[in-house]
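Okay, here's what each chain looks like letter by letter:
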Amino acid sequence: MRTKLTEKISEAVEILKLSGIVAFPTETVFGLGANVFDKKAIKKIFIAKNRPGDNPLIAHVGSIDDVEKLTSNITDSARKFIDAFFPAPLTIVLQKSTEVPLLATAGLQTIGVRMPKHELALELIRECGFPLVAPSANLSGKPSPTTWEAVFEDLDGKIEGILKGEPTEIGLESTVVDCTGEIPMILRFGAITLEQLQAIIPETIIYQAKPNEIAKSPGIKHRHYAPNARIVLVDQPGNANPSKYTAYVGINQSEQPEKFGLFEIFENENAYAHSVFRFFREADAKNIKTIFCQKVKEEGIGLALMDRLKRASQS
Ligand code: TXA
Ligand code: MG
């Protein structure tokens, strides 16, 4: 298959209307989009990414009307979060409507909905006239793509198109919050922080799987976000071993940066989050064997960043 690279929304819309799949930029990471109501197109997403069939997709909406179409019961908590944040890097899990194919939700009766805070993405969805299911546009298990070039690297020849755009603003995936029950539960950390959600609904909690319980967010159990290189988390740059084959990334300056094969220091947690997946891909391209990542405080965006770093280090 030839993958069409385009900057024209109309060309991406044309492909999507013909059951094709197209990668597009959002404020978090690039997504791989398909018509939420089109089973043939959704199947292609799972094949192109080599995604496990039990990992549900997020539906990207262009309006609150779309949310009504895709869900059967917008709970009070969901309503409050929608009013406070949409469009935002926030995915809200609700009971799905009967129109949503089970293929999109990997057999679940719930669906995650999110309105991206990104002009190109919103325009694309609105021009299509249907919401787009879109996982991150990477091969399953790899770091999420924050540039169209990263999408190309993973999916060239496997998808019909890539809508080019600028590198993504946030660099980590959206916060996922389950609003089906009485108390909202965070299933995945992201740019909308625990503190921000609790400012709207103070009862909001972090979901913790009980032993033997089926994972609420199936994606959580899969290997994730990992480069080929081994990831080692360190408190301080002094704990990293510098060599041609190792890399260091973090906030505090190392004493011997020139001794690493690759090295990057960020001004703050947001900048670190923004570029960490790009750094992982660069390290792989340079054949780095071990990446030392400095830990950050688990608050604000730091919760999301540490979540991704820990998962990457487990694989
Ligand atoms: O920022 C993002 O969320 C990006 C951009 C493209 O929007 N998308 C993204 O999708 O990260 P994906 O498929 O890579 O991750 C979706 C996560 C998975 O962990 C999945 O299990 C969870 O959301 N999820 C999706 N639908 C769910 C549902 N109905 N119930 C529980 N978890 C769900
Ligand atoms: Mg993903």
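Use the structure listed above.
Residues numbered from 1 in each chain as written. Chains lettered and ligands numbered in written order. Predicted model: local features only at pLDDT ≥ 70, side-chain atom pairs only at ≥ 80, totals over all residues. Heavy atoms only, no water.

Undergrad: Just checking my understanding: could you explain the nonpolar core for this structure?
TA: Where a protein is soluble and globular, its nonpolar side chains tend to be buried together. L90, I92, F280 and I291 are the most contacted members of the largest nonpolar core, which totals 75 residues. With 15 residues, the next largest nonpolar core counts I9, A121, C128 and F130 among its residues. (Core = buried A, V, L, I, M, F, W, Y, C linked by side-chain atoms within 4.5 Å. Buried < 20%, exposed > 50% of the residue type's maximum accessible area, 1.4 Å probe, protein only.)

Undergrad: Please explain the packing of helix α1 (residues 9-17) against helix α5 (residues 119-128) as it appears in this structure.
TA: The angle between the axes and the distance between the axes are what describe a pair of packed helices. It is the contact of α1 with α5, at a shortest axis distance of 9 Å, that shows an interaxial angle of 50°. For the element pair α1 / α5, the angle class is oblique. Of the two elements, α1 crosses α5, and the hand of that crossing is right-handed. Contact with α1, carried on its side by I9, A12, V13, L16 and K17, involves L120, E123, L124, E127 and C128 of α5 and no other residues of that element. Here the contact of α1 with α5 is built from residues that sort into 7 nonpolar, no polar and 3 charged. (Axes fitted to C-alpha atoms, helices over the stretch in contact; angles between N-to-C directions. Helix = DSSP H or I, 4+ residues; strand = E, 2+ residues; numbered from the N terminus. Parallel < 35°, antiparallel > 145°, perpendicular 65-115°, else oblique. Left-handed = near helix turned anticlockwise from the far one by under 90°. Contact = heavy atoms within 4.5 Å. Nonpolar A, V, L, I, M, F, W, Y, C, P; charged D, E, K, R; others polar.)

Undergrad: Would you explain unusual backbone geometry in this entry?
TA: Excluding glycine, residues mostly carry a negative phi; peptide bonds, for their part, are mostly trans. With an omega of -5°, the peptide bond running from F86 to P87 counts as cis. Summarising the element assignment, P87 is placed in the loop between α4 (76-85) and β5 (90-95). The backbone of S19 sits at a positive phi, close to 70°, despite the residue not being glycine. Mapped onto the elements, S19 comes out in the loop between α1 and β2 (22-24). Of the residues examined, S19 reaches a relative accessible area of 13% and is grouped as buried. For N50, which is not glycine, the phi dihedral falls at a positive 60°.

Undergrad: Would you mind going over the side chain of T168 with me for this structure?
TA: Position of T168 among the secondary structure elements: in the loop between β8 (161-163) and β9 (175-178). Of the residues examined, T168 reaches a relative accessible area of 2% and is grouped as buried. Engagement of the side chain of T168 in a polar contact is seen with the backbone oxygen of T28, the distance being 3.0 Å. Contact partners of T168, with chain neighbours within four places excluded, come to T26, E27, T28, V29, F30, T146 and H274. (Polar contact = N/O pair within 3.5 Å; in protein donor to acceptor, adjacent residues only side chain to side chain.)

Undergrad: How do you make sense of α4 when you look at a structure like this?
TA: Each α-helix winds once per 3.6 residues, and so residues spaced three or four apart point in a common direction. Those residues of α4 that sit buried are S77, A78, F81, I82 and F85. Buried residues of α4, viewed axially, fall in a sector of 135°; they line one side. Exposed and facing more than 90 degrees away from the buried side of α4 are D76 and D83. Looking at the buried residues of α4, the elements they touch are α3 (64-70), β5, β9 and α7 (194-200). (Arc of directions from axis to C-beta.)

Undergrad: What should I look at first to understand helix α6 (residues 148-155) in this one?
TA: When we look at burial in α6, the residues that qualify are W148, A150, V151, D154 and L155. End-on, the buried residues of α6 take up no more than an arc of 155°, which puts them together on one face. Where α6 is buried, its residues touch β1 (4-6), β2, β3 (31-35), α2 (39-49), β8 and α8 (269-285).

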